[in-house]
Amino acid sequence: MNNDKLHVTVIGLGAMGRAMAEALLNAGHPVTVWNRSATKADALVERGARRAGEVAEALGAGDVTIVCVLDYPAVRALLEPAAGALEGRTIVNLTNGSPDEARAMEQWITSQGAAYLDGGIMAIPPTVGTPGAFVFVSGEEDVARRAGPAIAPLGEPIEVGRDAGLASLYDIALLSGMFGISAGVHHAVALVASVGGDVERFKSTVLRAWLDQMLPFTLAVANPEGTVPDEFNPAMQAVGLENLLATGRAQGVDDELAGHLRASLALMRRAAAA
Ligand code: FVH
């Protein structure tokens, strides 16, 4: 295996797979692609990727095969009929799933004679391969080392341990943090819109500045026990959160968008009672 120019196969050409194949081509890797809906490979083939006709052919072409499809059942649906082509191959699975799904996938793929690395890519299609993008990987160290040159063009590989489920766990933890912020931002803009406010101006001036100001404190106080420092005054925060929830409802903002406020209220009430 020539590590600098590994031949990389990409299976799954949704928005992520296409961005990843593009980044690998940009980095000078020979790339073979396969997707259930074959036309999604067309633009990549024009750019120099090779199109495989079958999953087994795609597996045979790559020193490393990156799989990125909707979910783990889809990975199984693709790889099981091609199981005979797995022996001796190296599979890097960047599909989103649970830690247990990752562990079961490692067990099945290695039982077919292939090496397996599970991963979670911390990028979205336009940021794949840009500075700041990174990829959690978990599994055998030597597999991570061998597959590293195929992963690096997508984002910096970060090894999180031998347990194949850890990359999924860290991926999910970061997504949980992101969706918490996303829920709060959606609720915030809905409140501003409810009084006819200029949402774009609100976002670009005060909302961004407020989140930037608060993020270091939010990170500093977060802990798995859910305790809140006394100086944060959880009893006062609970009263404030009740006001936030009541105002959202009074303004006609969808109460489904306020789940993050209910979670924070529960945290503050518990902390105040402790
Ligand atoms: N896009 C994002 O922002 C996030 C960034 C972080 C990682 N996630 C995860 O990446 C996986 C793929 O996401 P995607 O954005 O590429 O998703 P789609 O554009 O919807 O493409 C889905 C691909 O999966 C194929 N597929 C779905 N079901 C099956 C199946 N039963 N058998 C075979 N292939 C299947 C689909 O094929 P086709 O519909 O084009 O034929 C696409 O290739 C995902 O785990 C994210 O959570 C994305």
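Here the structure is a predicted model, which means the values were calculated and not measured.

Student: For the overall build of the chain, give the residues involved together with the corresponding values.
Tutor: On a plain count of helices and strands, the chain comes out with 10 helices and 8 strands. Along the three orthogonal principal directions, the C-alpha set of the chain runs to about 60 × 40 × 30 Å. Burial status across the chain gives 39% buried among its 274 residues. Of the contacts formed within the chain by residues at least 6 apart in sequence, a portion of 62% connects residues at least 24 apart. Of the roughly 14300 Å² of accessible surface on the chain, a fraction of 57% belongs to carbon and sulfur atoms. Taken as two groups, the 20 positive and 31 negative side-chain charges of the chain have centres that lie 4 Å from each other.

Student: Provide a residue-level description of the side chain of S138, including the pertinent values.
Tutor: In this structure, S138 sits in strand 7 (residues 134-139). From its side chain, S138 meets the backbone oxygen of A164 in a polar contact 2.8 Å long. Polar contacts involving the side chain of S138 include one to the main-chain amide nitrogen of A167, which spans 3.0 Å. Apart from the residues within four sequence positions on either side, S138 is in contact with L117, D118, V160, G161, R162, D163, A164, G165, L166 and A167.

Student: Mind laying out the pairing of strand 2 (residues 31-34), listing which residues take part and the relevant values?
Tutor: Of the two faces of strand 2, the one carrying V31 and V33 and the one carrying T32 and W34 are both buried. As a crossover connection, the stretch from strand 1 (residues 8-11) through helix 1 (residues 15-26) into strand 2 is right-handed. Examined bridge by bridge, strand 2 and strand 3 (residues 50-51) share 2 bridges and lie parallel to one another. Considered in strand 3, the bridge of V33 is made with R51.

Student: Go over the nonpolar core with me, naming the residues and quoting the values.
Tutor: Counting 35 residues, the largest nonpolar core has M20, V33, I66, V128 and L154 as the members making the most contacts within it. Breaking this core down by element, the ones donating at least two residues are strand 1, helix 1, strand 2, strand 4 (64-67), strand 6 (115-122), strand 7 and helix 6 (141-151). If one sorts the elements of this core by residue count, helix 1 sits on top with 7 residues. If we skip the residues at most four places from it in the chain, V128 touches M16, A19, M20, A23, I121, A123 and L154.

Student: Describe the packing of helix 9 (residues 234-250) against helix 10 (residues 259-273), listing the residues and the values that go with them.
Tutor: Relative to each other, helix 9 and helix 10 sit at 155 degrees, their axes nearing to 8 Å. One finds that helix 9 runs roughly antiparallel with respect to helix 10. The interaxial crossing formed by helix 9 with helix 10 has left-handed handedness. Between helix 9 and helix 10, the residues in contact are P234, A235, Q237, A238, L241, E242, L244 and L245 and L261, R262, S264, L265, M268, R269, A271 and A272, respectively.

Student: How would you summarise the sheet that holds strand 5 (residues 90-93) if you had to cite specific residues and measurements?
Tutor: Taken together, 8 strands build an open sheet; the order of strands is 3-2-1-4-5-6-7-8 and the sheet is mixed. Strands at the two margins of the open sheet, each flanked by one partner only, are strand 3 and strand 8 (156-161). Of the pairings in the sheet, the one linking strand 1 to strand 2 comprises 4 bridges and is parallel in character. By the bridge assignment for strand 2, V8 is matched with V31. Where helix 6 meets the sheet, it contacts strand 1, strand 4, strand 5, strand 6, strand 7 and strand 8, and its direction lies at approximately 50 degrees from that of strand 6.

Conventions used here
- Residues numbered from 1 in each chain as written.
- Predicted model: local features only at pLDDT ≥ 70, side-chain atom pairs only at ≥ 80, totals over all residues.
- Heavy atoms only, no water.
- Helix = DSSP H or I, 4+ residues; strand = E, 2+ residues; numbered from the N terminus.
- Buried < 20%, exposed > 50% of the residue type's maximum accessible area, 1.4 Å probe, protein only.
- Contact = heavy atoms within 4.5 Å.
- Areas by Shrake-Rupley, 256 points an atom, 1.4 Å probe, with all protein chains shown as cover.
- Lys, Arg positive; Asp, Glu negative; His and termini not counted.
- Charge placed at Lys NZ, Arg CZ, Asp CG, Glu CD.
- Polar contact = N/O pair within 3.5 Å; in protein donor to acceptor, adjacent residues only side chain to side chain.
- Right-handed = clockwise from strand over helix to strand, strands pointing away.
- Pairing = 2+ DSSP bridges.
- Core = buried A, V, L, I, M, F, W, Y, C linked by side-chain atoms within 4.5 Å.
- Axes fitted to C-alpha atoms, helices over the stretch in contact; angles between N-to-C directions.
- Parallel < 35°, antiparallel > 145°, perpendicular 65-115°, else oblique.
- Left-handed = near helix turned anticlockwise from the far one by under 90°.

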